[in-house]
Amino acid sequence: MYARLAVLWLLFGLLFGSPSSAQAQTSPQLNLNLPPPPDSSKVRVSAPDSGKVATPASPASLPAPVPAPGKPLPVRRPRILILETEAADQVLLRRYRLKTNFPDSLAVLREMRELVLALQSESYLTASADELRWRRDTVRVQLYVGEKFRWARLRNGNLGDGLLTRAGYREKLYRNQPFQPQEWTRLQERILREAENQGYPFATVRLDSAQLRGADIEGRVLLERGPVIVFDSLQIVGNTTIRKRFLTKYLQIYPGQPFSQQRVEEAARRLRQLPYLQLKAEPEVRFARGRARVYLLLEDRTANQFDAIVGILPNPTPGLGQKRVQLTGDVTIALRNIKGGGKGLGLQWRKTDASSQQLDAQYAHPTFFGTPLELGATFNLYRQSIPSNAFQTLRPRLQLTYPTARSGRISFFTEWRSSRLLAADSLATELPANIDSRFTSYGLDYTWTTLDDLYFPRSGLLASGQASVGSKIISKNSVLDETLYQDLPLRTTQVSVGTRIERYTRIGRGGVLFTRLRGEALFNQRLFLNDLFRLGGLSTLRGFNELDFYASQYAVGTAEYRQFTSADAYLFAFVDQGYLRRDILTEKSTNSPTGVGVGLSFRTGAGQFQFVYALGRDNQQKLALNAGKIHFGITSRF
């Protein structure tokens, strides 16, 4: 009878208590009903005013006993636990692997408390430790397990079927199934989560018409929605030039729209993806008169960029009148958040060697037509003017990007690639290494990041992947003999995949280990030299000339240790290890280049200065000081 009264009291507190809108109540925890041990350590349990059954204080949180002045601290007495229970329950208790030896009385209480809570979480709601007998070093505990309670039926009260379905409710999961307090609490939390994302942040949920028949529980879920709340406006606090109109569209928080806690949480993650803004604190929401006003504490970051990097490289094959060293250059201009509207414009020119240069341009237009989508366009031009191997490649690209709520960006793109020879030998008896071709592809790109800082990260992960497929068409060059194209398929399918993973790990005080793995692969029946990926140099394989390698598949791993001396200054040492594969009509080869070096980066009055000295080794080059590569430059942000 006492057990039945206890479970009725428990169910009253469990089922009729209503969680707040912030979170549902945790599963009830029964008092262990344990008397204090007969030594100086005592456990106090106080019942709250609400009348619900109290949970003993966690042993870890109990204050240590303070001895009277002049008296020594009590001595810890080892205890042996003897558990007394019904024979039918002994099989159940074996899987808990209870200890029998404990260092003191408090450890015994902790073990019994955890056992009772574990039994209650597995539907034995009336489980309790009814009696404790202390005799010298032995503790005998009378444990009552009781019946296993179950759901007879859990019906829908006043909730819409759509809301219950999104919350994960299925009637069969609550019919003749064990009653687990944690599962019931999780269902309450999911229902409240759905309600607060539909304009009811002050909703409560409870079990109505509860009935107890033996060990079977029946009832219906009832939601009290409370007042409906709508968004009022965004309030920007801080020193920033960002426009409220842009943020309203980017975050998708419009006045008059039903309040959604999910939108508020997504806002923080979306704002951290913007390189020109810094979120100084989590968004704050204030409610008044049925409206919710969102406050954002923002600050502008110096994101506009101007880079000028000069490379000094040895000329491996100096010709008549040429110098033994050659200069390379890299100039970048990037404008972000133009006029506070989030738009971006970039331009980069690179001179990789004496006969090659590259031009890149890009434009980004966020909140396209008032949506969270970002429209972007890029253009790439590569021109190589070596007389025997001259060609030009154009690569325009159009993409649509959606910034996800989980710190990611997903893009759908289409790219056109056109390559043509600038010079051809009309007397050639075989096709040249480069060829005229057109390639149209469609693909998907995804990027996900948890970096703590976009410019000087010290911890976090960045991962991206890209895949595209399209049709490649080879054009016949009028200078070459048409018979050279007889056995060559002029229209083929081409697939490209790529990935990049970066990780930053803190080591000690001011130390950061940077690791990166990047790779790409190109698949086609007939590849030519101007189809391949170009890599080598400061951004991919340090210790080698810029864009010195051609590869149809490659993978490059990097390990770099950075020792920060201030917020934006550090010394570093690195090693780059690559694997390159070239699979074209005239050549099949592999290479494993290795680059090692040191460098430093620090801020000056003109911008961020970087200096890198690197050595490289591959199939054609050995590690040698006279073949070292020096790169230095200044990155100015304004």
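Residues numbered from 1 in each chain as written. Predicted model: local features only at pLDDT ≥ 70, side-chain atom pairs only at ≥ 80, totals over all residues. Heavy atoms only, no water.

1. Some remarks on the overall build of the chain
Here's step 1: Regarding its fold elements, the chain presents 7 helices and 31 strands.
Here's step 2: Nonlocal contacts in the chain, meaning residues at least 24 apart in sequence, comprise 59% of its contacts between residues at least 6 apart.
Here's step 3: Carbon and sulfur atoms make up 54% of the accessible area of the chain, which amounts to about 33600 Å² in all. (Helix = DSSP H or I, 4+ residues; strand = E, 2+ residues; numbered from the N terminus. Contact = heavy atoms within 4.5 Å. Areas by Shrake-Rupley, 256 points an atom, 1.4 Å probe, with all protein chains shown as cover.)

2. Thoughts on the nonpolar core
Here's step 1: Leu247, Leu251, Leu271, Leu277, Leu296 and Leu298 are the most contacted members of the largest nonpolar core, which totals 36 residues.
Here's step 2: At the level of secondary structure, the elements contributing two or more residues to this core comprise strand S9 (230-237), helix H6 (244-251), helix H7 (261-271), strand S10 (277-279), strand S12 (291-300), strand S23 (511-523), strand S27 (569-584) and strand S30 (608-617).
Here's step 3: Not counting residues up to four positions away in its chain, the partners in contact with leucine 251 are Leu234, Arg263, Ala267, Arg270, Leu271 and Leu296.
Here's step 4: Counting residues in hydrophobic clusters, the runner-up holds 23 residues, among them Leu154, Leu159, Tyr169 and Val221. (Core = buried A, V, L, I, M, F, W, Y, C linked by side-chain atoms within 4.5 Å. Buried < 20%, exposed > 50% of the residue type's maximum accessible area, 1.4 Å probe, protein only.)

3. Re the pairing of strand S17 (residues 374-384)
Here's step 1: In this sheet, S17 lies alongside strand S16 (residues 356-365) in antiparallel orientation, the contact comprising 10 bridges. Among the inter-strand pairings, glutamine 358 is bridged to a residue of S17, identified as tyrosine 382. (Pairing = 2+ DSSP bridges.)

4. Some remarks on the sheet that holds strand S3 (residues 128-135)
Here's step 1: Read across the sheet, 4 strands follow the order S2-S1-S4-S3 without closing on themselves; strand pairing throughout is mixed. Each end of this open sheet is capped by a strand with a single partner; those strands are strand S2 (101-102) and S3.
Here's step 2: As defined by bridge partners, strand S1 (residues 79-84) adjoins S2 across 2 bridges and the pair is classed as antiparallel. Following the sheet pairing, isoleucine 80 is matched in S2 by asparagine 101.

5. Some remarks on H7
Here's step 1: Restricting attention to buried positions, one finds in H7 the residues Val264, Glu266, Ala267, Ala268, Arg270 and Leu271.
Here's step 2: Against the buried residues of H7 lie S9, H6, S10, strand S11 (284-288), S12 and strand S18 (391-403).

6. Description of the packing of aromatic side chains
Here's step 1: Here the structure, examined in full by the defined rule, presents 16 aromatic pairs.
Here's step 2: Geometrically, the ring pair formed by phenylalanine 246 and tyrosine 250 is stacked, given 5.7 Å between the ring centres and 20° between the ring planes. One end of the pair, phenylalanine 246, and the other, tyrosine 250, are both in helix H6, 4 residues apart, so they sit about a helical turn from each other.
Here's step 3: When its relative accessible area of 4% is taken as the criterion, tyrosine 250 is described as buried. (Phe/Tyr/Trp six-rings, centres within 6.5 Å; stacked < 30°, edge-to-face > 60°.)

7. As for the confidence of the model for the chain
Here's step 1: When pLDDT is averaged along the chain, the result is 82; 85% of the residues meet or exceed 70.
Here's step 2: Of the regions scoring below 50 in pLDDT, residues 1-9 engages in 13 contacts with residues more than four places distant in sequence or in other chains.
Here's step 3: Low pLDDT (under 50) marks residues 14-66, which in the prediction has 111 contacts with non-local residues, meaning those over four places away or in another chain. (pLDDT = per-residue confidence, 0-100.)

8. Some details on the pattern of salt bridges
Here's step 1: Per the counting criterion, the structure on display carries 36 salt bridges.
Here's step 2: The salt bridge partner of arginine 542 is aspartate 576, with a shortest N-O separation of 3.1 Å. One end of the pair, arginine 542, is in the loop between strand S24 (533-535) and strand S25 (549-551); the other, aspartate 576, is in strand S27, and 34 residues separate them in sequence.
Here's step 3: Arginine 542 sits in the buried class, given a relative accessible area of 8%.
Here's step 4: Measuring nitrogen to oxygen at the nearest pair gives 2.9 Å for the salt bridge that ties arginine 582 to glutamate 587. (Salt bridge = Lys/Arg side-chain N within 4 Å of Asp/Glu carboxyl O.)

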